[in-house]
Structure formats: structure tokens, C-alpha cells
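Below, each chain spelled out in residue letters.
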Amino acid sequence: MSTSRRPSRDVIPMDSFNSSPTSSIRKGNLSNGSDNITYNRQEQQGGGSKYLHDDSDLSNDTDGQVGKGLQRNLEARHLTMISLGGTIGTGLFLASGSSIATAGPGYSQVAYSLIGSMVYCFMSSLGEMTTYLPITGSINAYGTRFFDPALGFMLGWVYWFSWSVTLATELVASSLIISYWVPATQCPGWVWALIFILVLTSLNLTSVKAYGETEYWLSLIKVLAVFIFVIIGFLYIGGAIGEQAPGELKPGPEIFNLDPFHGGFVALFSIFLNAGFSFQGAELVGIAAGETKNPRKNVPRAIRQVFWRILMFYVLTILIIGMTIPYDDKELANTDGSIESSPFTRVFLRAGISVGGDIMNAVILVAVLSAGNSGLYASSRALHTLSQEGNAPKFFGYVNRYGVPVYCVLATALVGCLAFIVSLPQVGQGQAYDWLLALASTTGFVAWLGIAFSHIRFRMAYKAQGRSLKDLPFVSKLYPFGPIYTIVVCMVILLGQGYTAFAPFSIKMFLSAYVTIPFVIILYFGNKFWSKTKILKLVDVDLDTGRSYVEPDEEDEEEKGKQNWFRRILNALF
């Protein structure tokens, strides 16, 4: 698997967010065009290890000037939970049963496993790039740097728009979830949505550490909920808890084998698309890498851990649901998204936990808040990067002394509120919101395509410039299969997800399914012609600006040597 290696050069070129730690010893300055490159070396207190810091590392004391740059205040645990929490949401808690209802538990396992393998491929690609160049807003920044500024423009605005509209969907969901306890007749849903957006905006305006800490605990609740569900599910299947009603099938293979591969290839393809939507948000680790302490060490660790945990959660969850609830159960599809029909709730009830509905409603509310929190963070950083690249108004590049892009957060929250307003039945019967949602629903796959394509360009440029893979702190062992596989799967999803519009043909369904494609094309070619951008030559790709190194210290090496055989096997596998 990928390993961290000691840098081969003593002098390392590094970029800056234009602020330097006062605790470091300045070794010298170079001026290269408009870029100021600073070399810093700092002795670690209490040890002999030498750390190289780039100016973007603001985890130490800064000079106190306002608007200098983002700060590296996210820790490894924050990074892991940010990525993990972004993929465990209402899609798992409410809609996971619909996949089994459509294609049976067997095909569901196949679909989620295939999509999970694709997620690992693009996460591996993202890990290689973000460890080498840990810059904020990496999804659009890499497109600009490795291929064409127009690609970065398109990816940035698509990604920002996607998460802004997603923020609105979470506000809509929050008002519906609260109505489980407080009916809308007593308190309108928009009141709860307003409260939630104020809370999320306040958290994101405080500091990146406040966002990371909040997301850590929200994601931890979701992970624990899934973990408890898995344990209770296996206990129920084993007969340790719960009771069966007369005439019910016995949980386990008897239910699973009713029709594990139901509906044929069409059904498999249908849930293949749904599984892809369920993993949206895994790329958040790349967005957060630019504000993470020691990304060389922490980003690979987060990527290795996150994939296996996600795959374990999804595969085990689908397995348990498929072995406890028959695929032809009328409520399994949960077309209305009700809490009572959630497969999680129903498994809890079957296991004898009468408060299952209240438990799952609370967990789903946490999931909604977590998704909104991550959406506001990710979209604000994408907008900040667009401003730094000259693709958004300059004032969006402002960052306060706490390392928060204030205007980006406020603008994203405002757009999310506007999208929520158009979702109300009183405003055009919600039709405008339906189109916004259709436009945003597939843009996550566009971002994954951008990551895979950027990785291919990164490796090509790296090779063209005569550099050695030994200098990469994290190497994707799946290259070139990984990014190619990601591109193929994402293209199949983008082009095939509207197949139901053709039999019989429906112009409304067709436009709703494929509105993203012309949107992406217009953004890319519109910017290309307007700004007269050119595709970069491989030898001209900038592989140094933003690059940083941290030499592994002696304590880490000693700790690795003391690991027992079981831990070494886990590290080798994961």
C-alpha cells in the first residue's frame, strides 16, 4: 500500500496563503513572478525532528493580520469524521430499503459493493494529490492547475451550486423531521429551518476548528447509530432478541433467499444509480485537506480508514435489512420518506425496541444537520478558491483573523435560504425547487469525474517533468486503473440515470435527468471563450506551489516498530 517517504531534497519550494508563523526561523525568500515562496524550518520542542512548514500552515501563532489566509486547525480525527459523516445520511437511514425493494438483497449487495470500489479508486486518487498539494478547494484548484483554468471554473461553480442547493434540501428535511414531534399546525416548518440555518452559519463563521469539532460529534452519533443497528440486527437474526408474529418468515437466509436477484439487469442498474448517490460527500476530505494539520500524514490515514468503514457500514446494513425485511414488503420502498417506514426503525421495532421511531428520528435529524454543516463548509471553500483564481468576485477572497472566508459562508447560506424559499408550496408550487434539485443531484458525479481526470493529468505532468514517484508522500497503487474506472462508472451514471424517460418518452423527465450536462458544457466552454484559456502543456504544469513536507519523526518510527502483528496486518490491508 501507499507509504510515506522522506523528502529527497533539503530545500523545498512552498506556496503560501500569505501569512507566516512567527515561531519559525526564516531561512530566506525568493520572488518568482507574483508568487512569494518562503522557506521555513522549525525544531520540534523536546525532540530532534525537523519540520518544514509552508506559509499555509497557520496552526501556530500568526502575525495577527486580518484576511491573510485559511488556517490549518483541523486534526486527523476531524478529517476522518468529516469524510465519513458526509456519506452517512438520509440516503442510508431512509432510502436504503428502496434498493432492496427494487432489486432484492443480492443485487443490492452487488451495486453497493461496485460503487464502493469506485469510491475507493477516486479517494485514492484524491489522496495522492491532496497529500502532495494540500490546498483548500482542491477539486476546482486541481482542474485549474493540471489541465485548463476553464475546467477549474466549471468544477468550482458546479460544486458550489450543488452543495448550496443541498443545504436547502437539508433545511426542508429538518422541518419535516421536527414535525414528527411538533406538528406543523403548532409551529410552521420554516421556523425550524430558520433556526437551523442560523445555527449552522454561526458555527461556520466561528472558526474551522469549531466546524470540525461539531462535525466530529455529529458524525460520531451517526456512526454509533449504524454500529448499534448492526449489533441489534445480528442479535435479532440470531434469535437472541425480538419476537416473530405468527406466519412471519424467520429472519435470516429464509427472508434473504426469497428472491435475492429480483428484477433483472434493469433493476440492478436502477439501484446502481441510487448507490452512487448514497456515497456523495466522500470527497470532502480533499476540500478539508488545505486546513488540516500535517496533511502529509493525516490525509492518507483518513482515506485508508474512511473507505473501509463506509463499505462496512453500507454492506452490513444492506445485508441486515435484506435478512430481516422481505423485499416484497409494501413499506420497504418508503416512497414517502416517513420515519415509521424507515428500515432502521422497523428493524428496531421487530427487535422489541418500542422507541425505535424516536431514536431514528433523532439520528436522522443529526444526519441532516451534519450534511448541512458539511455542505456549508464545502461550498464556502469552493467559492473562496474561485475568488482566489479570479473566477468569482474579489471580496469573496476575504478571510478574517480566525481563518474563515466570511463572505463565502454568508453568500452560501443566503443562496441556501433562497432555494429553501422556492421549495415552499406557496412559491410556484415548488416547481422551481424541483428543477434546482434535479440540476444539483448529479453534480457530485461531475466532481468525481474531475478528480479522476485531474489525477491522470497530475501523473502525466509528474512523469513529463522527470520526477520520481518516490518523492510522493502517498502513492495510489490503483493508477491508472482507478481513475479510468471512476470515469467510466460516473459517465455510465450521468448518461444512464434518465433511462426511465424513454419508455414511454417524457420530455419533462428527460430534461430533469439531463439538465446537468448542458449546464456543465456551458460553464466550461463559456469561460474558455470568454477568458481565452488554454490547455496547459504537461511541462508547464505547476507542481510546486502549495507543496509542503513534514519529515516523519523518530517517535513515529519507534511507534511503528512496536506495533503487534494484528495491528500490522490491519495497516497492510487498510
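We now turn to the structure provided with this report. (Residues numbered from 1 in each chain as written. Predicted model: local features only at pLDDT ≥ 70, side-chain atom pairs only at ≥ 80, totals over all residues. Heavy atoms only, no water.)

**Quick look at the packing of helix α1 (residues 76-85) against helix α7 (residues 208-237)**
At step 1: Direction vectors running N to C along α1 and α7 enclose 55°, while the axes themselves pass 8 Å from each other. When the axis of α1 is compared with that of α7, the two are oblique. Like other packed secondary-structure pairs, α1 and α7 cross with a definite hand, here left-handed. Residues Arg-77, His-78, Met-81, Ile-82, Leu-84 and Gly-85 of α1 form the contact with α7, whose participating residues are Tyr-211, Gly-212, Glu-213, Glu-215, Tyr-216, Ser-219, Leu-220, Lys-222 and Val-223.
At step 2: Here the contact of α1 with α7 is built from residues that sort into seven nonpolar, four polar and four charged. (Axes fitted to C-alpha atoms, helices over the stretch in contact; angles between N-to-C directions. Helix = DSSP H or I, 4+ residues; strand = E, 2+ residues; numbered from the N terminus. Parallel < 35°, antiparallel > 145°, perpendicular 65-115°, else oblique. Left-handed = near helix turned anticlockwise from the far one by under 90°. Contact = heavy atoms within 4.5 Å. Nonpolar A, V, L, I, M, F, W, Y, C, P; charged D, E, K, R; others polar.)

**Some thoughts on the pattern of salt bridges**
At step 1: Under the definition given, this model contains eight salt bridges.
At step 2: We note a salt bridge from Lys-293 to Glu-75, for which the minimum N-O separation is 4.0 Å. With Lys-293 in the loop between α10 (284-288) and α11 (295-324) and Glu-75 in the loop between β3 (50-53) and α1, this pair connects stretches of sequence that are 218 residues apart.
At step 3: The closest approach of N and O atoms between Arg-77 and Glu-213, which form a salt bridge, is 2.9 Å. One end of the pair, Arg-77, is in helix α1; the other, Glu-213, is in helix α7, with 136 residues separating them in the sequence.
At step 4: For Glu-213, a relative accessible area of 24% puts it in the partly exposed group. (Salt bridge = Lys/Arg side-chain N within 4 Å of Asp/Glu carboxyl O. Buried < 20%, exposed > 50% of the residue type's maximum accessible area, 1.4 Å probe, protein only.)

**Concerning the packing of aromatic side chains**
Two aromatic rings are characterised by how far apart their centres lie and by the angle between their planes.
At step 1: Scanning the entire structure with this criterion turns up 31 aromatic pairs.
At step 2: Consider the rings of Phe-510 and Tyr-514, whose centres lie 5.2 Å apart with planes at 50°: the pair is tilted. A residue pair is termed a helical-turn pair when its members lie 3 or 4 positions apart in one helix, as Phe-510 and Tyr-514 do in helix α18 (residues 507-514) at four residues.
At step 3: One aromatic cluster in this structure is built from Tyr-132, Tyr-142, Phe-146, Phe-458 and Tyr-462.
At step 4: Lying over the aromatic face of Tyr-216, Arg-77 brings its terminal NZ or CZ to 4.6 Å of the ring centre.
At step 5: Between Arg-459 and the ring centre of Tyr-479, over which it is positioned, the NZ or CZ distance is 4.5 Å. (Phe/Tyr/Trp six-rings, centres within 6.5 Å; stacked < 30°, edge-to-face > 60°. Lys NZ or Arg CZ within 6 Å of the ring centre and 35° of its normal.)

**Here we look at the packing of helix α6 (residues 189-206) against helix α14 (residues 406-422)**
A pair of packed helices can be characterised by two numbers: the angle between their axes and the separation between those axes.
At step 1: Between α6 and α14, the shortest axis-to-axis distance is 10 Å and the interhelical angle comes to 165°. Classified by the angle their axes make, α6 and α14 are roughly antiparallel. As α6 packs across α14, the resulting crossing turns out to be right-handed. Contacts from Trp-190, Ala-193, Ile-197, Thr-201, Asn-204 and Leu-205 of α6 reach α14 at Val-406, Val-409, Leu-410, Ala-413, Cys-417 and Phe-420.

**Overview of a nonpolar patch on the surface**
At step 1: There is a patch of nonpolar side chains on the surface, built from Met-491, Leu-495, Ile-517, Ile-521, Phe-525 and Phe-529 and spanning about 570 Å² of accessible area.
At step 2: Counting residues per element, the ones that place at least two in the nonpolar patch are α17 (481-496) and α19 (516-531).
At step 3: Top contributing element to the nonpolar patch by residue count: α19, with four residues.
At step 4: Inspection of the secondary structure puts Ile-517 in helix α19. (Patch = residues over 30% accessible without salt bridge, like charges linked within 9 Å, V, L, I, M, F, W, Y side chains within 5 Å. Areas by Shrake-Rupley, 256 points an atom, 1.4 Å probe, with all protein chains shown as cover.)

**As for α14**
At step 1: Counted at 1.5 Å a residue, the expected span for α14 with its 17 residues is 24 Å, and the 25 Å between its end C-alpha atoms agrees.
At step 2: For α14, the full list of buried residues reads Val-406, Cys-408, Val-409, Ala-411, Thr-412, Ala-413, Gly-416, Ala-419 and Phe-420. (Expected span 1.5 Å × (residues − 1).)

**Points about the side chain of Glu-215**
At step 1: Mapped onto the elements of the fold, Glu-215 is located in helix α7.
At step 2: Within the structure, the side chain of Glu-215 is placed 3.2 Å from the side chain of Ser-374, a separation counted as a polar contact.
At step 3: Beyond its immediate sequence surroundings of up to four residues, Glu-215 is in contact with Met-81, Ile-82, Gly-85, Ser-370, Asn-373 and Ser-374. (Polar contact = N/O pair within 3.5 Å; in protein donor to acceptor, adjacent residues only side chain to side chain.)

**A short note on the nonpolar core**
At step 1: By size, the foremost hydrophobic cluster in this structure holds 139 residues, and its most contacted members are Phe-93, Ile-115, Met-154, Tyr-159 and Trp-448.
At step 2: The dominant element in this core, judged by the number of residues it contributes, is helix α5 (residues 149-178), at 17 residues.
At step 3: In this structure Met-154 touches Val-446, Val-520, Leu-523 and Tyr-524, once residues within four positions along its chain are discounted. (Core = buried A, V, L, I, M, F, W, Y, C linked by side-chain atoms within 4.5 Å.)

**Thoughts on the environment of Ala-333**
At step 1: Tracing the sequence through the fold places Ala-333 in the loop between α11 and α12 (343-350).
At step 2: Sequence separation between Ala-333 and Ala-95 is 238 residues; the distance between their C-alpha atoms is 7.3 Å.
At step 3: For Ala-333, the contacting residues outside a window of four places in its chain are Ser-98 and Ala-101.

**Some thoughts on unusual backbone geometry**
At step 1: Following Tyr-479, the chain continues to Pro-480 via a peptide bond in cis, the omega torsion being 5°.
At step 2: Along the chain, Pro-480 turns up in the loop between α16 (443-464) and α17.
At step 3: Even without glycine at this site, Asn-294 takes up a positive phi of about 45°.
At step 4: When you line up the elements, Asn-294 lands in the loop between α10 and α11.
At step 5: Backbone geometry at Lys-532 places phi at a positive 55°, although glycine is not the residue there.
At step 6: Mapped onto the elements of the fold, Lys-532 is located in the loop between α19 and α20 (554-561).
At step 7: Residue classification places Lys-532 among the exposed positions, given a relative accessible area of 66%.

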